[in-house]
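So you can see what is in the structure, the chains are spelled out below.
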Amino acid sequence: MAGLMTTADAWIYPGEVTLGRDQRVSIPRRRLPPPSDEVINLAREGNAEARGALLATWVPVVLAWCSRLGGPRVDPDDAAQDVWMVALRRLDQLHRAEIFASWMFGITRRVLAQHRRRVWGRRRSPLDVESMVHEEGSRAGAHRAEIRRKVWEVLVSLPLKQRETLVLMDLEGWSTREVAEMTGVPSGTVASRLRLARQRFERTARARGLAQLLEAEQ
C-alpha cells in the first residue's frame, strides 16, 4: 500500500509550488534534520541571516503540510504564511532545536484548524484543475489534471488524524517515534492509525477506479 501512496503523492503535489505571487519553491521528498542550536539561538535573537536560512529550509515543509492536511477549503499558501508568523513570534518558547519539527507541526495543526473554521463556507481545492489544464494544454493534460483531483479527494477523505500519520510517515519518511512525538500520542496509536489510513486509502482509491489509473500511469 505504501507504494500506491507514494505513486499518488506525485499527483497530489508536484515537485514545486508557488509561494506568494511568483516565487517557486521545491517540496522536499523526505524529512529534514532539525536546525542547529546555533541557528535557532541566532534566529531567536532576530538575526536576519539565521531567520532566512530557517525559512529557506523549512518553508517548503510547512507548505507541504498545509497542502496535504489543510482540506478542500484551506488556501495552503495563506496558511503556511500564518504558521511562520506565529513561529517567528514564538521562537523564544523553543528551548531545544531537536524538537523543532514537532514544535512546527504543532503550530501548523493549530493554524490549519483556525483556517478551516474561518473558510468553512468557501469551496476551494488547492488543485486548480482549470489552471493545470491550461498549463498542460491538451486532452491528455485534462486527463492528468483529473487524476490529480481524484487523488487529492481520496487523500482528504481520510479522517484527519489518519491523514496526518499517512502523510508524515509514507510521504515524508518520519519514523514512528518521531510521529508519536509530533502528534502527542503513543507509538502504538501511530502504528494503528497508519495501518487504518493505508487500508482506507487503498480501499477508496480502488472503489473509485483511481488505483488502476495510477498503476497505468507508472
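Let me begin by describing the structure that accompanies this report. (Residues numbered from 1 in each chain as written. Predicted model: local features only at pLDDT ≥ 70, side-chain atom pairs only at ≥ 80, totals over all residues. Heavy atoms only, no water.)

Quick look at the overall build of the protein
When helices and strands are tallied, the protein shows 11 helices and two strands. Out of the 218 residues in the protein, the part that is buried amounts to 46%. In the protein, of all internal contacts separated by at least 6 residues, the share reaching a separation of at least 24 is 70%. Accessible surface computed for the protein: about 11000 Å², of which carbon and sulfur atoms make up 49%. (Helix = DSSP H or I, 4+ residues; strand = E, 2+ residues; numbered from the N terminus. Buried < 20%, exposed > 50% of the residue type's maximum accessible area, 1.4 Å probe, protein only. Contact = heavy atoms within 4.5 Å. Areas by Shrake-Rupley, 256 points an atom, 1.4 Å probe, with all protein chains shown as cover.)

Description of the side chain of Ser102
When you line up the elements, Ser102 lands in helix α5 (residues 100-118). Within the structure, the side chain of Ser102 is placed 3.1 Å from the side chain of Glu181, a separation counted as a polar contact. For Ser102, the contacting residues outside a window of four places in its chain are Glu178, Glu181 and Met182. (Polar contact = N/O pair within 3.5 Å; in protein donor to acceptor, adjacent residues only side chain to side chain.)

With respect to the environment of Arg109
For Arg109, the location among the structural elements is in helix α5. Between the alpha carbons of Arg109 and Thr183 there is a distance of 9.3 Å; along the sequence they are 74 residues apart. Residues contacting Arg109, with those up to four places away along its chain left out, are Glu164, Met182 and Thr183.

Considerations on the pattern of salt bridges
Here the structure, examined in full by the defined rule, presents six salt bridges. The residue Asp82 makes a salt bridge to Arg118 at a minimum N-O spacing of 3.8 Å. Of this pair, Asp82 sits in helix α4 (residues 76-89) while Arg118 sits in helix α5, placing them 36 residues apart in sequence. The exposed category is assigned to Arg118, whose relative accessible area is 54%. Between Arg206 and Glu202 there is a salt bridge; the shortest N-O distance is 3.1 Å. Residue Arg206 and its partner Glu202 are located together in helix α10 (residues 187-207), separated by four residues, close to a single helical turn. (Salt bridge = Lys/Arg side-chain N within 4 Å of Asp/Glu carboxyl O.)

Brief notes about the nonpolar core
Ranked by size, the top nonpolar core spans 54 residues in total, and within it Trp58, Trp65, Trp84, Phe100 and Met104 carry the most contacts. If we skip the residues at most four places from it in the chain, Met104 touches Val62, Trp65, Val83, Trp84 and Ala87. (Core = buried A, V, L, I, M, F, W, Y, C linked by side-chain atoms within 4.5 Å.)

A word on the side chain of Arg163
Of note, Arg163 is situated in helix α8 (residues 160-171). A polar contact of 3.5 Å, which involves the side chain of Arg163, links it to the backbone oxygen of Val156. In this structure, Arg163 is in contact with Arg68, Leu69, Gly70, Gly71, Leu155, Val156 and Leu158, ignoring residues within four places of it in sequence.

Examining the environment of Arg203
Checked against the element boundaries, Arg203 lands in helix α10. Along the primary structure Arg203 and Val154 are separated by 49 residues, whereas in three dimensions their C-alpha atoms are 9.7 Å apart.

Considering α8
With 12 residues, α8 ought to run about 16 Å at 1.5 Å a step, and its terminal C-alpha atoms sit 15 Å apart, in line with that. Of all 12 residues in α8, 10 are buried, a share of seventy percent or more. For α8, every residue scored as buried is listed here: Gln162, Arg163, Glu164, Thr165, Leu166, Val167, Leu168, Met169, Asp170 and Leu171. A positive backbone phi angle near 80 degrees is found at Gly173, which sits one or two residues after α8. (Expected span 1.5 Å × (residues − 1).)

Focus on the packing of helix α3 (residues 48-69) against α8
It is at 10 Å that the axes of α3 and α8 come closest, and there the two elements cross at 140 degrees. It follows from the interaxial angle that α3 and α8 lie oblique. Relative to α8, the crossing made by α3 is right-handed. For the pair formed by α3 and α8, the contact residues are Trp65, Arg68 and Leu69 on the first element and Leu160, Arg163, Glu164, Val167, Leu168 and Leu171 on the second. Among the residues forming the contact of α3 with α8, the class breakdown is six nonpolar, no polar and three charged. (Axes fitted to C-alpha atoms, helices over the stretch in contact; angles between N-to-C directions. Parallel < 35°, antiparallel > 145°, perpendicular 65-115°, else oblique. Left-handed = near helix turned anticlockwise from the far one by under 90°. Nonpolar A, V, L, I, M, F, W, Y, C, P; charged D, E, K, R; others polar.)

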